[in-house]
Amino acid sequence: MIKKASLLALVICLLLTVLSPSLIQARTGLTLLSSSAQVEFPSRFIFNMSAESDVNITGVRLCYTVDRVSFAQVTSEVCIEFVPTTTVDVSWALEMVRIGGLPPGSSIKYWWIIEDGKGEKIKTTPAQLQFDDTRYSWHSLTEGKVTIYWYEGEESFVRELMAAAQQALTKLGQNTGAYLERPAKLYIYADAQDLQGAMIYPQEWTGGVAFTRYGIMAIGIAPDNLSWGKRAIAHELAHLVIHQMTLNPYNSLPTWLDEGLAMYAEGPLVPLYKAYLDKAIAEDNLISVRSLSSPFSAYTEESLLSYAQSYSLVEFLITSYGQDMMLELLLIFKQGSSYDEALGKAYGFDMDGLDALWRDYITVPTQPVEKELMPPALIGVISALAAVLLLWLGLAIESWAWRRGW
Ligand SMILES: [Zn+2]
């Protein structure tokens, strides 16, 4: 009888073990009760976790990685502060002001590591979290490696933008041999104000930003501002392609080359930029190539001239030496070469040499300027457009610091 009772108890015990493993673990071991996260775009991610154990939980860490191109996998780890107890319920916010912000459409992976006083440890399965701008209802259109997201305007408007993007890629390939290596996401905001609402540190003149390491661009383009939008897309896409192509841990591109290629991808230099360039040539007030290799001045006039000169430098290199040499220059930069060294290897001259050759190129006497041949009516139209162009330029100038940091 005693033997039978013992046997019955053993069977019941085994059944419990087989049928309710979680129940038994919950009572005796470290258990994750819940894990969740919310996105408050563009300000923060909020992570929540609760766990219990039969002894005090002594350590909780949150680990995360940002999904972007980098030279080594970087995992950030946060030790969560709490009072050791058997049941913990913690919450932690990743504030974008601390990391400089993330672009719309980016994502992170996160997981928890929880430890108790007996040395038991749980590492949760990594979860992916999208940093989407949920303020708007986005539609999308994909062609090749480019996806455009938008929320205002007809599909025909977006198809025109997509055609401009594809055209810009083709032109960039023809001029430089550079092509899009990884998919690109392009977020079209209805205007610059909406775009700035997606940023942590917006500049009032930011109209477009390329987050090159994320393969993401964000531009404010109103449906009635299509022609500006096409140029802006070509410009930012060129940045993305060139950065993908030349990314290395040692050195970045000289600013004049990066901006010059982006300006060149837009098409011919717009009249206002050209006016600044012509004025600087006439007054012998050009900025040296060496100075243009650093980030551009924050002063509007000097910044406009910097962009115009960059365009002209790139035009000079492409028209005088061809696509093959430009491709070679970019590939040399990918190896992390210094500015003088890269120019020397590709073209046989350094920054000062480029400066001298380019000055000769732009100061060669040309035909009388079109102004004298221009019909007065057209001059009137252009004058009327000047105010619009000023506004356009205000939108076109970008936050270099933002892009550089990412
Ligand atoms: Zn640019």
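This text goes with the structure placed above it.
Residues numbered from 1 in each chain as written. Predicted model: local features only at pLDDT ≥ 70, side-chain atom pairs only at ≥ 80, totals over all residues.

1. Remarks on the sheet that holds strand β10 (residues 184-189)
Spatially, five strands are ordered β8-β9-β10-β12-β11 in an open sheet, and the strand pairing comes out mixed. The strands lining the two open edges of the sheet, one partner per strand, are β8 (139-143) and β11 (208-211). Within the sheet, the average angular offset between the axes of one strand and its neighbour, ignoring direction, is 15°. In terms of strand pairing, β8 meets strand β9 (residues 146-150) through five bridges, oriented antiparallel. In the strand pairing of β9, L141 is matched with I148. (Pairing = 2+ DSSP bridges. Helix = DSSP H or I, 4+ residues; strand = E, 2+ residues; numbered from the N terminus. Axes fitted to C-alpha atoms, helices over the stretch in contact; angles between N-to-C directions.)

2. Describing the pairing of strand β2 (residues 44-66)
For strand β1 (residues 31-40) and β2, the ladder comprises nine bridges, and the chain directions are antiparallel. What sits directly across from L32, in β2, is A51. Hairpin connection between β1 and β2: a loop of three residues separates the two successive antiparallel strands. Taken together, the 10 bridges between β2 and strand β4 (residues 85-95) define a ladder with antiparallel strand orientation. The partner of E52 across the bridge, within β4, is T87.

3. Here we look at the packing of helix α6 (residues 226-246) against helix α7 (residues 255-266)
Relative orientation and spacing of two packed helices are given, respectively, by the angle between their axes and the distance between those axes. Between α6 and α7, the least distance of the axes is 8 Å, while the angle of their chain directions is 140°. Comparing their axes, α7 and α6 come out oblique. Along this stretch, α6 crosses α7, giving a crossing that reads as right-handed. Each of R231, A234, H235, A238, H239 and I242 in α6 lies in contact with α7, whose residues at this interface are D258, L261, A262, M263, A265 and E266. (Parallel < 35°, antiparallel > 145°, perpendicular 65-115°, else oblique. Left-handed = near helix turned anticlockwise from the far one by under 90°. Contact = placed C-beta atoms within 7 Å.)

4. Focus on the nonpolar core
Counting residues in hydrophobic clusters, the biggest one holds 71 residues, and the most contacted among them are M217 and L237. Of the residues forming this core, the biggest block, 10 residues, is contributed by α6. A domain-level breakdown of this core finds at least three residues from each of domain 2 (135-247) and domain 3 (251-364). Core analysis: the next-biggest nonpolar cluster, separate from the first, contains 15 residues, F47, I57, L62 and V88 among them. (Core = buried A, V, L, I, M, F, W, Y, C linked by C-beta atoms within 7 Å. Buried ≥ 20, exposed ≤ 12 C-beta atoms within 10 Å, placed from the backbone. Domains from an automatic or database assignment.)

5. Thoughts on helix α10 (residues 300-321)
When the terminal C-alpha atoms of α10 are compared, their 31 Å separation across 22 residues agrees well with the 32 Å that a helix rising 1.5 Å per residue should span. One or two steps after α10, the chain reaches G322, where phi turns positive at roughly 90°. (Expected span 1.5 Å × (residues − 1).)

6. What to know about helix α8 (residues 271-282)
Relative to the 16 Å expected for 12 residues at 1.5 Å per residue, α8 spans 16 Å between its end C-alpha atoms, a close match to the ideal helical length. Among the residues of α8, those classed as buried are Y273, Y276 and L277. All buried residues of α8 lie within an arc of 95° about the axis, which places them on one face of the element. Positive phi shows up at D284, right after α8, with a value of about 50°. (Arc of directions from axis to C-beta.)

7. A look at the environment of L253
Checked against the element boundaries, L253 lands in the loop between α6 and α7. Separated by 85 residues in sequence, L253 and S338 have C-alpha atoms that sit 9.0 Å apart. If near-sequence neighbours (up to four positions away) are discounted, L253 is found in contact with I242, T246, D258 and F333.

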